[in-house]
Amino acid sequence: MKAADTMDLVRYENPAEGVARVVLARSEKHNSLNPELIFAIDEAFGQAMADDSVKVVILSADGRNFSAGHDIADTVEDYQRKMQDISPRKSGWSGFQEPGVHGWYASEKEGYLESARRIRNFSKPTICAVKGKCIAGALIYAWVCDIIVAADNALFSDPVVDFGVSGVEWLAHPWELGARKAKEFLFTADSWNAAEAHRLGMVNHVVPLDELEAFTLAMAAKIARKPAFALKLAKEAVNKTLDIQGQQNAIDQAFSLHHLCHQQNFRVFGYGMDTSNLPSMASAPKKAG
Ligand code: ZN
């Protein structure tokens with residue numbers, strides 16, 4: 001796939017001096033995250049990285065919802081084929097169409113885990129603007145940003161236990177919600193609103209929906225007036241503190257457990273998910289995250 005095709009799925013903007021904005025532009029599919037969109041985001045962040053005049057990056061979305069999560073219209077086979085065709089292979093993994101666990105694990109490592117980690121480790125400050133639904137894989141993109149601003153209509157959920165999976169690929173839940181609330185969030189698969197997310201410290205600010213863009217841009221512009229090197233090192237100081245506490249190793253071990261769930265579902269049900277708890281999904285998609 002050509003870069004121009006993938007970049008149609010995001011818009012790259014410079015709304016203020018020192019600020020880049022990466023906008024998910026797949027609103028007709030509720031910005032569901034297929035490999036094309038994931039690597040368009042990756043490419044857009046690469047563009048912001050290369051531009052030394054950019055000091056802060058906003059991640060936002062067109063449409064009513066930030067994102068419905070990973071695009072489950074793709075079968076496992078579709079996903080692995082796309083990884084083979086379009087992934088930039090920045091994770092150090094390859095063999096995306098190898099049989100069995102090999103190709104599936106490699107594909108999710110490249111497409112879901114390490115692509116997220118690149119944004120988490122992006123040197124410049126990032127702000128995610130969330131409105132409407134932010135489900136499962138979409139949480140990853142909010143969480144890897146440094147600051148989250150939520151519209152008052154935002155709803156957060158990771159319902160993948162309903163699909164027989166232990167949590168989305170980037171299991172930052174205990175870090176974002178605290179261990180006890182993380183368990184409740186996963187066990188119940190409930191949607192939590194912006195006020196609850198704010199109360200738990202998961203989001204920095206809740207603002208009226210029609211003020212989300214202006215509020216986020218004003219914060220970005222304020223940050224962009226600070227010294228770039230100090231911003232980068234302030235970010236690194238906090239991220240390294242989390243690293244020293246074991247955050248990244250914890251996320252990696254949870255990713256392995258996530259794959260254990262995929263393989264259990266595959267052995268029992270013959271495809272990527274357990275739909276036994278989802279009677280409404282008679283024509284079940286073949287993949288869950
Ligand atoms: Zn998965």
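All values derive from a computational prediction rather than experimental measurement.

Next up on the list: the environment of Leu33. Here Leu33 lies in the loop between strand E2 (19-24) and helix H2 (35-50). Separated by 35 residues in sequence, Leu33 and Ala68 have C-alpha atoms that sit 7.7 Å apart.

As a further point, take the packing of aromatic side chains. Think of a pair of aromatic rings as described by two things: how far the centres are apart, and how the planes are tilted against each other in angle. Counting across every chain of the model gives 6 aromatic pairs. Through a chain of ring-to-ring contacts, three or more aromatic side chains come together here, namely Trp93, Tyr105 and Phe255.

This paragraph deals with unusual backbone geometry. Glycine aside, negative phi is the norm for most residues, and most peptide bonds take the trans geometry. Although it is not a glycine, Arg89 sits at a positive phi angle of roughly 55°. By the element assignment, Arg89 lies in the loop between helix H3 (76-86) and helix H4 (101-120).

With respect to the helices, strands and loops of the structure, Arg26 is situated in the loop between E2 and H2. Judged by relative accessible area, which is 10%, Arg26 ranks as buried. When neighbours within four sequence positions are excluded, Arg26 is seen to be in contact with Leu9, Asn31, Ser32, Asn34, Leu37 and Asp71.

Core analysis: the largest hydrophobic core is formed by 64 residues, its most contacted members being Ile41, Leu59, Phe66, Val130, Tyr141, Phe156 and Trp170. Per element, the largest residue contribution to this core is 8 residues, and it comes from H2. If we ignore the near neighbours within four places in the chain, the residues touching Val130 are Phe66, Ala142, Ile148, Val149, Ala150, Ala151, Ala154, Phe156 and Leu212. By size, the runner-up hydrophobic cluster in this structure holds 15 residues, among which are Ile127, Ala129, Ile147 and Leu231.

Attention now goes to the environment of Ala61. Looking at the element boundaries, Ala61 is found in strand E3 (residues 56-61). Expressed as a C-alpha distance, the spacing of Ala61 and Ala129, which sit 68 residues apart in the sequence, is 7.6 Å.

Calculation rules
- Residues numbered from 1 in each chain as written.
- Predicted model: local features only at pLDDT ≥ 70, side-chain atom pairs only at ≥ 80, totals over all residues.
- Heavy atoms only, no water.
- Helix = DSSP H or I, 4+ residues; strand = E, 2+ residues; numbered from the N terminus.
- Phe/Tyr/Trp six-rings, centres within 6.5 Å; stacked < 30°, edge-to-face > 60°.
- Buried < 20%, exposed > 50% of the residue type's maximum accessible area, 1.4 Å probe, protein only.
- Contact = heavy atoms within 4.5 Å.
- Core = buried A, V, L, I, M, F, W, Y, C linked by side-chain atoms within 4.5 Å.

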